[in-house]
Amino acid sequence: MHRSPLQLTPILALSLTLGCTPKPSGDSADSADPGPGPSPYTLDDTLRLQHVQALGTHNSTHIEPDSVIHPSHAYTHPPLTTQLVEHGVRAFELDIHLHVDDGFHVFHLPNVDAETTCLRLADCLGEIKAWSQANPWHLPLMIWMEPKDEDLDSIVPEYELFGERHDEWEDAILASLPRETIFTPDDLRGEHADLPTAIAEGGFPTLGELRGKVVLSMLDSDNHRTAYLEGHR
């Protein structure tokens with residue numbers, strides 16, 4: 001039976017919507033690590049996730065290829081760490097491919113648009129983990145992951161379809177991000193029957209509950225979501 005400790009499911013949108021975060025002591029909401037001790041953010045028990053607006057990037061590890069075959073590929077993002085430190089980015093989108101020998105890779109499209117600031121998923125998540133540990137009071141980081149194997153991977157020998165290997169995907173994530181730093185749908189659901197009931201009765205989590213956490217969401221509305229959610233209401 002499929003096990004699902006992370007529940008990388010799009011059902012838990014946890015969208016970063018309109019709102020703002022207070023700026024204690026003149027600093028931005030999470031630009032500096034205030035060190036150990038109680039939270040310096042006095043409204044963390046009042047403000048909730050839906051009150052936050054955050055910067056995010058699409059194809060977050062993308063580097064413009066030497067030969068641009070489509071205008072939409074003509075851009076380069078700085079490394080994830082630079083985005084976190086210098087640009088205040090708090091949401092990333094990673095396209096995921098399964099290499100036949102090297103596990104999960106992160107880039108847009110094989111051969112056509114494959115340049116990336118961090119190729120292995122472990123390296124990408126390692127950057128996020130290192131910054132998070134150095135800045136434990138940060139706002140929740142949203143990581144959107146899109147299984148991208150249905151475009152060109154089937155005709156590129158180095159890559160293969162995910163099939164039923166979503167458990168391996170979770171294992172790869174847990175090998176890079178400590179489980180206690182990941183806020184999952186089951187953390188929100190608690191003792192409630194389902195997520196809509198939990199949100200209706202208890203609301204989205206407060207910022208105090210989410211400081212230093214990572215939220216993961218699968219960008220898929222078809223085969224991958226169906227396979228991943230099988231047996232998990």
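Before reading further, recall that the structure is shown in the block above.
Residues numbered from 1 in each chain as written. Predicted model: local features only at pLDDT ≥ 70, side-chain atom pairs only at ≥ 80, totals over all residues. Heavy atoms only, no water.

Looking at the packing of aromatic side chains
Considering all chains together, one arrives at four aromatic pairs under this definition. With centroids separated by 5.5 Å and ring planes inclined at 85°, the aromatic side chains of Phe162 and Trp169 adopt a geometry described as edge-to-face. Just as Phe162 is buried, Trp169 falls in that class too. Clustering of aromatic rings is evident, with ring pairs tying together Phe104, Phe162 and Trp169. (Phe/Tyr/Trp six-rings, centres within 6.5 Å; stacked < 30°, edge-to-face > 60°. Buried < 20%, exposed > 50% of the residue type's maximum accessible area, 1.4 Å probe, protein only.)

So, the state of the cysteines
In protein chemistry, a disulfide is the covalent bond that joins the sulfur atoms of two cysteines. In total, this model carries one disulfide according to the counting rule given. Disulfide partner of Cys118: Cys124, at an S-S distance of 2.2 Å. Linking Cys118 and Cys124, the disulfide has an S-S dihedral of approximately 110° and is accordingly described as right-handed. (Disulfide = S-S within 2.5 Å.)

Let's talk about the environment of Pro157
Tracing the sequence through the fold places Pro157 in the loop between β4 (141-147) and β5 (159-160). Spatially, the C-alpha atom of Pro157 lies 8.2 Å from that of Val100, the residues being 57 residues apart in sequence. (Helix = DSSP H or I, 4+ residues; strand = E, 2+ residues; numbered from the N terminus.)

Remarks on the pairing of β4
Along any regular strand, the residues point their side chains to alternate faces of the sheet. The buried count for β4 comes to five of seven residues, which makes it a mostly enclosed element. Across six bridges, strand β2 (residues 89-99) lies against β4 in parallel orientation. By the bridge assignment for β4, Asp95 is matched with Glu146. Bridge analysis of β4 against strand β7 (residues 214-218) gives five bridges, and the strand direction is parallel. Looking at β7, one finds that Met142 is bridged to Val215. (Pairing = 2+ DSSP bridges.)

Topic: the environment of Thr76
As for its position among the elements, Thr76 is in the loop between β1 (55-57) and α1 (80-86). Accessibility expressed as a relative area gives 49% for Thr76, which makes it partly exposed. For Thr76 and Thr117, which are 41 residues apart along the polypeptide, the C-alpha to C-alpha distance reads 9.2 Å. For Thr76, the side chain forms a polar contact with the main-chain nitrogen of Glu64, separated by 2.9 Å. (Polar contact = N/O pair within 3.5 Å; in protein donor to acceptor, adjacent residues only side chain to side chain.)

Side note on the pattern of salt bridges
According to the stated counting rule, one finds nine salt bridges in the structure shown. Residue Arg120 pairs with Asp123 through a salt bridge whose shortest N-O separation is 3.8 Å. Classification of Arg120 by relative accessible area gives partly exposed; the value is 34%. Salt-bridge contacts for Asp186 lead to Arg189; the nearest nitrogen and oxygen are separated by 3.1 Å. Of the two residues, Asp186 and Arg189 are both situated in helix α4 (residues 185-189); the distance of three residues between them amounts to about one turn of the helix. According to the relative accessible area criterion, Asp186 is partly exposed, its value standing at 35%. What emerges from the salt-bridge pattern is a single network uniting Asp102, Arg120 and Asp123. (Salt bridge = Lys/Arg side-chain N within 4 Å of Asp/Glu carboxyl O.)

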